[in-house]
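Spelled out, the chains give:
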Amino acid sequence: MTETNKSTQNDIPVMQKIIAVLWPSFLVAGVETVVFYTLFDPLNVFMDYDVSRLGAYSIGFLLFWVFTALPCLLTLYFAKPCIPCAMNKNEAK
Amino acid sequence: MTEQKKATSTETPSIEQDLYQKRKKIYPRQVHGLFAALRVSGVSLLLGFFYIMPWLMWDGRQAILFDLPERKFYILGMIFWPQDFIYLTMILVIAALSLFFFTALAGRLWCGFACPQTVWTESFLYIERFIEGTRQQQMKLDKMPMNANKFFKKFSKHFIWITFSLFTGFTFVGYFTPILDLSAAIPTLNLGPWEWFWILFYGFATYGNAGWMREQVCTYMCPYARFQSAMIDKDTLIISYDEKRGEPRGSRKRGQAPEQVSLGSCVDCSICVQVCPTGIDIRDGLQYQCIGCAACIDACDDVMDKMGYPKGLIKYTTENMLNGDRTRAFRPRILVYGMILLGITIGTIIAIMNLSPIELDIIRDRNALFRETGMGMLENVYTLKVINKDIVGHEYRLSVEGIKDLKLNLAKQRIYANSGSVVEIPMSIEVDPANLKQRTTEIFFKLEAIDTNLSVTEEARFLGPRVR
Ligand code: SF4
Ligand code: SF4
């Protein structure tokens, strides 16, 4: 069982996994930032804090990135082959 | 090839191996030839454009500046405001359509010659070759245990790479923050925290992508690579190995014709594999990793020349041509993509040319619908918002029509707006109630520039009491 698990996970290189989490979220965070700041003036969003507009854009982007990377991470986690599938595969062999 | 296989079978798991797993470092061999020359000119042109552009001035300000804090985009003589973002979207649509069009025509032209990933990777390769030498020397250096010479070479390579990347990051930020201010702040390191952040971020991305990740970016990160098969057909120009002519492959002495040794034209020298930046063997057929850089064409043509065989064992061809069928360049797909592309491009250009450099907004006072003055007149209050998108300032004249004998009270005598500025002027209109025929009357504000013939008309409403 562990064997099957190992081999299926090894099918996807770690680099691809890292990219699968960080890259789509980066792209989507970019779009989210543009849409969000077209609707709201960055200075109003961070009114109570002393940040420049560029700072507001950047913080917004980074926050969006984090919050989009989280679902990507969860997807990656849930996309792992689960034990019943792995067993079926084993039996089939 | 064989060394690479050995390298992967070593069982010592290091972080590097863990990260890359099946990846072997690829050492692309240098190529000379038509396509190599094309790529060098493409790389120099695009990089030159990227690094020089932010320094160009237009009418005393940066020619291309995406001023995020002010939310204004300056492109040559034009200023784009947030409300003009539709044009930016149109330009992106045009870019996407051109990609479709050129992919249908000639495969991954973009990837091999114009993609930033290729362009920067190529320049990083030049630097690497300059310091570490040829492919053979690079592989020898990597296998050698660390010594002073190796350390010095590796150190200088990374030093130049990092410097180059930081300059790239600096240039990138220069598109968003006036680059003259930025360069003035560099010697004293007096930049804002976010400017620092983005210079380092972009610099790091360049260094990582062009220095380390390279073809993995194309394989794992590029969305285009994955759906390209949907855009190409049997008439698309692709880079392909002529299997009929090449097989059976085999080595032979120089000058021996294929017939003499009863082999195909491929001498199995594996040079086409060595030059490939993605490390694939084009002789295995069309693969999604192939970025269409045509390095293998140049390389194999060179080999064919040396052998005295005709060139073109690997060449730009189409699936139909390989099968001996007719190829049509003008087919419905190309015509449809071409027409849509042309239509949208012309439409966008016309729309941008007709973009009015002045905009007028009339905002009604929300507090009171109307007011009666002491003289028995009716008064409505508005705020005039003049947006000057032109590259020079203008003085304007305002006139209002729609009701007989209306009287205009402007809070300011002179309506003047600087280039790229918004001016708000409170104003009111007074009319004699006898001239009102209904409760709501349409009125027209006309704003004219005094020095040129620019004008804009905006509709608004004048409210009065119910007319009996
Ligand atoms: S470069 Fe040409 S001759 Fe050499 S292996 Fe490749 S296809 Fe064969
Ligand atoms: S197979 Fe040829 S064209 Fe494709 S990436 Fe490799 S060298 Fe470039």
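Residues numbered from 1 in each chain as written. Chains lettered and ligands numbered in written order. Predicted model: local features only at pLDDT ≥ 70, side-chain atom pairs only at ≥ 80, totals over all residues. Heavy atoms only, no water.

A.B. asks: Is there a simple way to think about the overall build of chain A in this case?
C.D. replies: When helices and strands are tallied, chain A shows 5 helices and 0 strands. Seen in sequence order, chain A has helices and strands lined up from the N terminus as α-α-α-α-α. Counting the 93 residues in chain A, one finds 26% classified as buried. (Helix = DSSP H or I, 4+ residues; strand = E, 2+ residues; numbered from the N terminus. Buried < 20%, exposed > 50% of the residue type's maximum accessible area, 1.4 Å probe, protein only.)

A.B. asks: How should I be thinking about helix H3 (residues 34–52) of chain B in this particular structure?
C.D. replies: Since there are 3.6 residues in each turn of an α-helix, residues three or four apart along the chain are aligned in direction. Residue and element names in this part refer to chain B. Taking 1.5 Å per residue as the helical rise, H3 with its 19 residues ought to reach 27 Å, and the 27 Å between its terminal C-alpha atoms agrees with that figure. Among the residues of H3, Phe35, Ala36, Arg39, Gly42, Val43, Leu47, Phe50 and Tyr51 are the ones counted as buried. Buried residues of H3, viewed axially, fall in a sector of 145°; they line one side. For H3, the exposed residues lying more than 90 degrees away from the buried face are Leu34, Leu45, Phe49 and Ile52. Buried residues in H3 make contact with helix H5 (109–113), helix H6 (116–132), helix H8 (148–173), helix H15 (295–307) and strand S7 (314–317). (Expected span 1.5 Å × (residues − 1). Arc of directions from axis to C-beta. Contact = heavy atoms within 4.5 Å.)

A.B. asks: Help me understand a nonpolar patch on the surface, please; the structure alone is not making it clear to me.
C.D. replies: There is a patch of nonpolar side chains on the surface, built from Val31, Val35, Leu39, Phe40 and Val45 of chain A and spanning about 470 Å² of accessible area. Within the fold, Val31 of chain A resides in helix H2 (residues 14–39). (Patch = residues over 30% accessible without salt bridge, like charges linked within 9 Å, V, L, I, M, F, W, Y side chains within 5 Å. Areas by Shrake-Rupley, 256 points an atom, 1.4 Å probe, with all protein chains shown as cover. Salt bridge = Lys/Arg side-chain N within 4 Å of Asp/Glu carboxyl O.)

A.B. asks: I keep staring at the interface of chain A and chain B and nothing clicks. Help me out?
C.D. replies: One widely used convention gives an interface's size as the accessible area the parts lose upon coming together. Between chain A and chain B, the contact holds 26 residues from the first and 18 residues from the second. Note on chain A versus chain B: buried area summed over both sides is about 2,100 Å², and carbon and sulfur give 70% of it. Per-residue buried area on chain A facing chain B is highest for Met15, Ile19 and Leu54 of chain A; these three make up 27% of the total on that side. Applying the counting criterion to the chain A and chain B interface returns 0 salt bridges. Those elements giving two or more residues to the side of chain A that touches chain B turn out to be H2 and helix H4 (53–78) of chain A. When its residues are assigned to classes, the side of chain A that touches chain B shows 17 nonpolar, 6 polar and 3 charged. (Buried area = accessible area lost by both parts, 1.4 Å probe. Nonpolar A, V, L, I, M, F, W, Y, C, P; charged D, E, K, R; others polar.)

A.B. asks: How should I be thinking about the site of ligand 2 in this particular structure?
C.D. replies: With respect to spatial proximity, 13 residues lie near ligand 2, and among them Cys276, Cys290, Cys293, Ala294 and Cys296 of chain B are the closest. Here the shell around ligand 2 is composed, by residue class, of 11 nonpolar, 2 polar and no charged. (Near = heavy atom within 4 Å.)

A.B. asks: I keep staring at the pairing of strand S15 (residues 440–449) of chain B and nothing clicks. Help me out?
C.D. replies: For a regular strand, the rule is simple: side chains alternate between the two faces of the sheet. Residue and element names in this part refer to chain B. Burial along S15 is one-sided: Thr441, Ile443, Phe445, Leu447 and Ala449 are buried, while Thr440, Glu442, Phe444, Lys446 and Glu448, pointing the other way, are not. Relative to S15, strand S11 (residues 394–401) is paired through 6 bridges, and the arrangement is antiparallel. Within the sheet, the bridge partner assigned to Tyr396 lies in S15 and is Ala449. Bridge analysis of S15 against strand S16 (residues 455–463) gives 9 bridges, and the strand direction is antiparallel. Residue pairing across strands places Phe445 opposite Glu458, the latter belonging to S16. In this structure, the hairpin formed by S15 and S16 is closed by a connection of 5 residues. (Pairing = 2+ DSSP bridges.)

A.B. asks: Can you help me understand the site of ligand 1 in this one?
C.D. replies: In the region of ligand 1, the neighbouring residues are Tyr241, Cys266, Val267, Asp268, Cys269, Ser270, Cys272, Arg283, Cys300, Met304, Leu313 and Ile314 of chain B. Class assignment of the residues belonging to the shell around ligand 1 gives a composition of 9 nonpolar, 1 polar and 2 charged.

A.B. asks: Looking at this structure, how should I read unusual backbone geometry?
C.D. replies: The bulk of non-glycine residues show a negative phi, and the bulk of peptide bonds are trans. Residues and elements named next belong to chain B. Cis geometry marks the peptide bond from Glu247 to Pro248, where omega comes out at -10°. The residue Pro248 is located in the loop between helix H13 (243–246) and helix H14 (271–275) in this model. Notably, Asp268 is not glycine yet its phi reads approximately 55°, a positive angle. Judged by relative accessible area, which is 37%, Asp268 ranks as partly exposed.

A.B. asks: Explain the nonpolar core here, please?
C.D. replies: One recurring pattern in soluble globular proteins is that nonpolar side chains are buried together. All names here are of chain B. By size, the foremost hydrophobic cluster in this structure holds 30 residues, and its most contacted members are Ile239, Cys296 and Ile314. Sorting elements by how many residues they give to this core places H15 first, with 8 residues. Residue contacts for Ile239: discarding those within four places in its chain leaves Ile282, Gly292, Cys293, Ala294, Cys296, Ile297, Ile314, Lys315 and Tyr316. Tyr382, Val386, Ile415 and Val456 belong to the second largest nonpolar core, which has 28 residues in total. (Core = buried A, V, L, I, M, F, W, Y, C linked by side-chain atoms within 4.5 Å.)

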